[in-house]
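# A look at the structure
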Amino acid sequence: MNMSSKEIITIMKRLEIPVNNHMSVMETDAINKVEQFFKKLKNNAAAKRDEQAKSNVQKSEAVASVQNKKETSNPSSQQARPQRQQNARSQDTRNQQGASRSQQKPSPRPSAAAGASKPAPRNQSGQGGQTNPSAAGKRNETTNAAGSRTEHRNQADLDASKGKTTKKNKANNKRFDDNKASNFRTGGNRGGKGGKGKGRYQNRNLPPKEKIDNTPKKVIVRGEMTVGDLAKLLHKDASEIIKKLMFLGVMATINQEIDLDTIQLITQEYNIEIELKLPVEEDPFEIVEKADEADKMQDRPPVVTIMGHVDHGKTTLLDAIRKSNVTEGEAGGITQHIGAYQVEVNQKKITFLDTPGHEAFTTMRARGSKVTDITILVVAADDGVMPQTIEAINHAKAANVPIIVAVNKIDKPDANPDRIKQELTEYELVPEEWGGDTIFVNISAKNRMNLEELLEMILLVAEVQEYKANPDKEARATVLEAELDKGKGPVARILVQEGTLRVGDPFVAGVCFGRVRAMVSDKGRRLKDAGPSTPVEITGLTEVPQAGDRLIGFEDERKAREISDKRAINLRQSELNASSRVTLDDLYKHIKEGEMKDLYVIIKADVQGSAEALKGSLEKIDVEGVRVKIIHTGVGAITESDIILASASNAIIIGFNVRPEPAAKTTAEQEKVDIRLHRIIYNVIEEIEQAMKGMLDPEFKEVVTGQAEVRNVFKISRVGTVAGCMVTSGKITRNGQLRVIRDGIVVYEGEIDALKRFKDDAKEVAQGYECGISVKNFNDLKEGDIFEAFVMEQIER
Ligand SMILES: Nc1nc2c(ncn2[C@@H]2O[C@H](COP(=O)(O)OP(=O)(O)OP(=O)(O)O)[C@@H](O)[C@H]2O)c(=O)[nH]1
C-alpha cells in the first residue's frame, strides 16, 4: 500500500485487529479489513472534498492566491479555485519550513475529511496547522517556493477528484498515511523548532480541532526504558514526556532510562493501563519443576534401550521388532529413522530407542537426560557374558534402570541359555525361577522367535513401574539426534517425555530457540501434536542442538527466546567456571559439605586379578561413614565409554597399569573427569584415603610432554635395544621420564637412556620427526609400542 509497517500497525490497532509488530502475519481477513478501511476513507474523503469544494470556493480561492492575510479572508478575487489548492499551497510552504511532513493534502481520514475549514489532524502538540487562512498567509510570507509545485498539485488533486489515478495521487495516499504516522514522527523531534512554534501559534487562532487521540489504552512494559522509548510506546512526543517528568520532579533527557515506578506514574497521567511483563529471571531448565498433580498423570508408553556386547544381535533385534510390528498399511510406507520408533502390542505402545549400545545411553545421561525406562540386555546364547555385557549392566545399574535379559541366538546349535543365566547371577541378575527378580526371555532375533513374549515382558515391567506423565502441559523432551539437513535446515529428532508438543509451539532446545514448523513420526506421517513417549522429528530450529539436550515448549515466543539467550550465556559461563565434577583434590570439600556419601570409582586394570584386588581393597575404605563404591571394573585401556560413565555418575577413574585412549583423554578433559593412574595398589588406597580425609596434598603432578610410536626395533650388541621412533605428538625430551605402553597397558616406566637424531644425541625431538630411543634397563621393546614422555612438575598451591 506504499506505506510503512508502522502506519499499517497503527491502522490495525485502530481497527482492533490483533498485531504484535511488523513481522506479524496478516490474515486475509485482516488485509480485507484494512483495505476496506481505506476504501471507505477514500470515498468519504472524495465526497467531503467535493462538498467542501463547493461550499468553500471563495475562501479557498482567496487563500491560495493571495499572500495578504486580509485577502485570505476575502474570497472575492479567486472564488472559483477549489479549497484544495489552498491546502496544497499552504502545505508546500510548511514543507519548506520543515514544520511537518504530514499535513499535506486533504486527508481522507475522517477527521481531516470533515472539512477544510477544520484543521487537519495533528500530532499531540498541535504542530503544523494547515487551514487557517491567516497562518497560511503568514507562512507564505516566509517562503516563496510554493508557486509552480502548487500548480502541479492542484492538477493532481483535480485528477484525483475526477477519479484518475496519477502518480501524484499515489503520493497523496502516502502523505495521508504519513499524516497518521506524524503522531509518532513529529514526536521524534523531527518537526523542528520553527514548525512547532508555528503550530502553537496556529492553534491559538484555530477553532477547537478534532484531535486524533491514538493514545493506547494499554501498554506492555518489559522493564526499564528510555524516555524516547516510552514516548514511542505511548505514542507521545518525547518532549511531552520530558515535560511530564519534570512536573513529577524527574529531570530526564530523551536517552535517559527511567525506572518502572516512574513509567507507571507517566502512564497513570495518561490513564493508560499498564501490563508488566518482566524478563524471565528463572530458567525452567534449572529450577526443579513442580510435580504434576496426580489426577493429571496418564499412562505413557515405556521407553526401551537395547544394550549388549558387539555382535550379540542388538541391531537385528531392533529391526526384527520394528518390522514385525509394521501394520499392513505401513508395510510399503517409508519408515523414518528418527532416533526411536514405536510399536504397538495388545493396544499398548512401546518406544524403542534406535541407537543400540550403552554409549549413546550414557551420553544422554551424562548430559543430564534420563530417557530410558527399561534396558533390554542382549546376550548371545552361544557366546556368553562379555566385557561389553558387563559394561552395559553397570551402565544400566548406575542409571537405576530395570534390566530385561534377552538371551539371543537360541536357534544356534551351540546355544546354551542356562549358561548365560548362570554367568549373569554374578552380576546380580538372577532369573525368577532361581529366586531372583530378573526377567529372562530366550529369543532368536534372526528368526523372530519369542519376540512377542519379549514385548509382553516389557509391558509387564511397564505396568509394574507405572510410567506416567502429564500430557496436558508444555512439552518437555530430549534431543536424541540433531543434524543440519541441506533441505530442511536444522533438524532434531526428539523424544517427548512430558506434556504435548504442537506444530507452531515455540521452544528452547539446549541453547537453541525454535518454533515447531513440522513434525514427522517414525512412520513418516506428519503430526500436529506429540504427547509423552512419542519420538518425532522436528524442523523449525534456528541452530542444531546437541544430542541429550533438553527441549522445553513455551507458550510465549518471547520468553523462549529470552531463555535460549540466557542459556547460551550461562553455558559459556559454566564452561569457564570450574566443573562441579568430583575430583580427588576437592573430594574432602564435597564430603565436608555433606554433598557426598559415597565416592564412585571406576577401575580399569591391566589384568582382571589386579582389578579385583583393587576393588576389594578400596571397598574396605570407610572414612567417617563415607565409602568407596565401585560402579565398574574392566580390563584394558581407559575408553571414552568409561569417561562418559564416570561423567554421568560423577565418578573418578583409577587406571591401574593402563592408560587412557587418546579419545578418552580428550573427553576426560572436556568432561572434567578425574583419572588417577597408578602402578602400585598400596598407592591407590593411600591416595583415596588421604583424599577422603582431606589430607591429599600432592606436590607434584605429571605432565605428559609427548608421545612417540616405535616403528622399528634394532638390537645392537653392547648397547641393547634401540627403537626407531616417530614422535606423534608433543616432544620427547632427553631428561624426561618415559613409559612404554603396549595395547593401552603400561609395560614399563623408567628413564630415557639415549635420544638420538640420526647419529647425534638430541636434547629433544618434536612431533613429526624420527628419532632413536633406548630405555634405561629395558630392552623388551616391540614395534607398535608407544613411548609416553612425561615430566613431574611441582604443583603451585
Ligand atoms: N543365528 C542367529 N544369528 C543372529 C541372531 N541375531 C543376530 N544374529 C547375527 O549376529 C550377527 C550380529 O548381529 P547384529 O545385530 O549386527 O549385532 P549387534 O549387537 O547389533 O552388533 P554391533 O552393532 O556390532 O554391536 C549378524 O550376523 C546377525 O545376523 C539370532 O537370533 N540367531
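Scroll up to find the structure this text is about.
These lines cover the structure that appears in this document, whether it is placed above or below. Computed from a prediction, not measured in an experiment: that's the story for all the values here.

## Observations concerning the site of the ligand
Neighbouring the ligand are 16 residues, the closest being G313, K314, T315, T316 and K446. Counting residues per element, the shell around the ligand draws most heavily on helix α14 (residues 314–324), which supplies 3 residues.

## Points about the sheet that holds strand β9 (residues 374–380)
Taking strand neighbours across the sheet as the criterion, the 6 strands line up as β7-β8-β6-β9-β10-β11 in an open arrangement whose pairing is mixed. The open sheet has two free edges, formed respectively by β7 (340–345) and β11 (439–442), since each of these has just one partner strand. Pairs of neighbouring strands in the sheet enclose a mean axial angle of 30 degrees, with direction left out of account. The pairing of β9 with strand β10 (residues 403–408) spans 6 bridges and is parallel. Each residue of the ladder has a partner; that of T375, found in β10, is I403. Across the sheet, α14 lies against β6 (303–308), β7, β8 (348–353), β9 and β10, angled at about 150 degrees from β6, the strand it touches most.

## Quick look at the nonpolar core
Formed by 116 residues in total, the largest nonpolar core has its most connected members in L377, V405, A406 and I494. Top element by residues in this core is β9. It accounts for 6 residues. V710, V722, V765 and L781 belong to the second-largest nonpolar core, a separate cluster that totals 17 residues.

## Details of the packing of helix α17 (residues 387–398) against helix α23 (residues 640–649)
It is the contact of α17 with α23, at a shortest axis distance of 10 Å, that shows an interaxial angle of 15 degrees. One element, α17, and the other, α23, form an angle in the roughly parallel class. For the pair α17 and α23, the crossing hand works out as left-handed. From α17, E391, H395 and A398 reach across to α23, where they touch S641, L645, A648 and S649. Here the contact of α17 with α23 is composed, by residue class, of 3 nonpolar, 3 polar and 1 charged.

## Considerations on the sheet that holds strand β26 (residues 675–678)
Taken in spatial order, the 5 strands line up as β23-β24-β22-β25-β26 in an open sheet, and their pairing is mixed. The strands lining the two open edges of the sheet, one partner per strand, are β23 (622–623) and β26. Bridge count for strand β22 (residues 598–605) against strand β25 (residues 652–656) is 5 bridges, and the pairing is parallel. If you follow I602 over to β25, its bridge partner there is I653.

## Section: the pairing of strand β29 (residues 737–742)
Note on strand geometry: in a regular strand, side chains alternate between the two faces of the sheet. Looking at chain direction, β29 and strand β30 (residues 745–757) are connected through 6 bridges and run antiparallel. Bridging across to β30, V740 finds its partner in Y748. Here β29 folds back onto β30, and the loop between the two strands holds 2 residues, one of which, D743, carries a positive phi near 50 degrees.

## A word on unusual backbone geometry
Of note in this structure, N400 is not a glycine but carries a positive phi near 60 degrees. Within the secondary structure, N400 sits in the loop between α17 and β10. Despite not being glycine, E466 has its phi angle at roughly 55 degrees, a positive value. For E466, the position within the fold is in the loop between α19 (451–465) and β12 (468–469).

## Re the environment of I350
Locating I350 in the fold gives a position in strand β8. Residue I350 is classed as buried on the basis of its C-beta count, with 22 C-beta atoms lying within 10 Å. Placed 109 residues apart in sequence, I350 and L459 show a C-alpha to C-alpha distance of 7.7 Å. Those residues within four positions of I350 in sequence are excluded, and the remaining contacts are P301, P302, V304, Q342, V343, V345, L455, I458 and L459.

## Thoughts on the packing of helix α22 (residues 608–620) against helix α25 (residues 681–693)
Packing of α22 against α25 leaves a shortest axis separation of 10 Å and a crossing angle of 30 degrees. The pairing of α22 with α25 is recorded here as roughly parallel in orientation. Taken as a pair, α22 and α25 cross one another with a handedness that is right-handed. For the pair α22 and α25, the contacting residues are A613, L614, S617 and L618 in the first and I681, V684, I685 and I688 in the second. By residue class, the composition of the contact of α22 with α25 is 7 nonpolar, 1 polar and no charged.

## Quick word on α23
With 9 of 10 residues buried, α23 lies mostly within the body of the structure. Where the residues of α23 are buried, they touch α16 (358–366), α17, β22, β24 (626–635), β25 and α24 (662–671). Following α23 by one or two positions, N650 adopts a phi angle in the positive range, close to 55 degrees.

## Looking at the pairing of β8
Taken together, the 2 bridges between β6 and β8 define a ladder with parallel strand orientation. Each bridged residue has a counterpart across the sheet, and for V303 the counterpart in β8 is T351. Sheet analysis places β7 next to β8, joined by 6 bridges and oriented antiparallel. The partner of V343 across the bridge, within β8, is I350. In textbook terms, the turn of a hairpin is the stretch between consecutive antiparallel strands, and for β7 and β8 this stretch comprises 2 residues, one of which, N346, has a positive phi near 50 degrees.

## Some thoughts on helix α18 (residues 417–425)
Since the α-helix advances by 3.6 residues per turn, residues separated by three or four positions end up pointing in the same direction. Taken together, the buried positions of α18 are P417, I420, K421 and L424. End-on, the buried residues of α18 take up no more than an arc of 100 degrees, which puts them together on one face. In this structure, the buried residues of α18 make contact with β9, β10 and β11.

The rules behind the values
- Residues numbered from 1 in each chain as written.
- Predicted model: local features only at pLDDT ≥ 70, side-chain atom pairs only at ≥ 80, totals over all residues.
- Near = placed C-beta within 6 Å.
- Helix = DSSP H or I, 4+ residues; strand = E, 2+ residues; numbered from the N terminus.
- Pairing = 2+ DSSP bridges.
- Axes fitted to C-alpha atoms, helices over the stretch in contact; angles between N-to-C directions.
- Contact = placed C-beta atoms within 7 Å.
- Core = buried A, V, L, I, M, F, W, Y, C linked by C-beta atoms within 7 Å.
- Buried ≥ 20, exposed ≤ 12 C-beta atoms within 10 Å, placed from the backbone.
- Parallel < 35°, antiparallel > 145°, perpendicular 65-115°, else oblique.
- Left-handed = near helix turned anticlockwise from the far one by under 90°.
- Nonpolar A, V, L, I, M, F, W, Y, C, P; charged D, E, K, R; others polar.
- Arc of directions from axis to C-beta.

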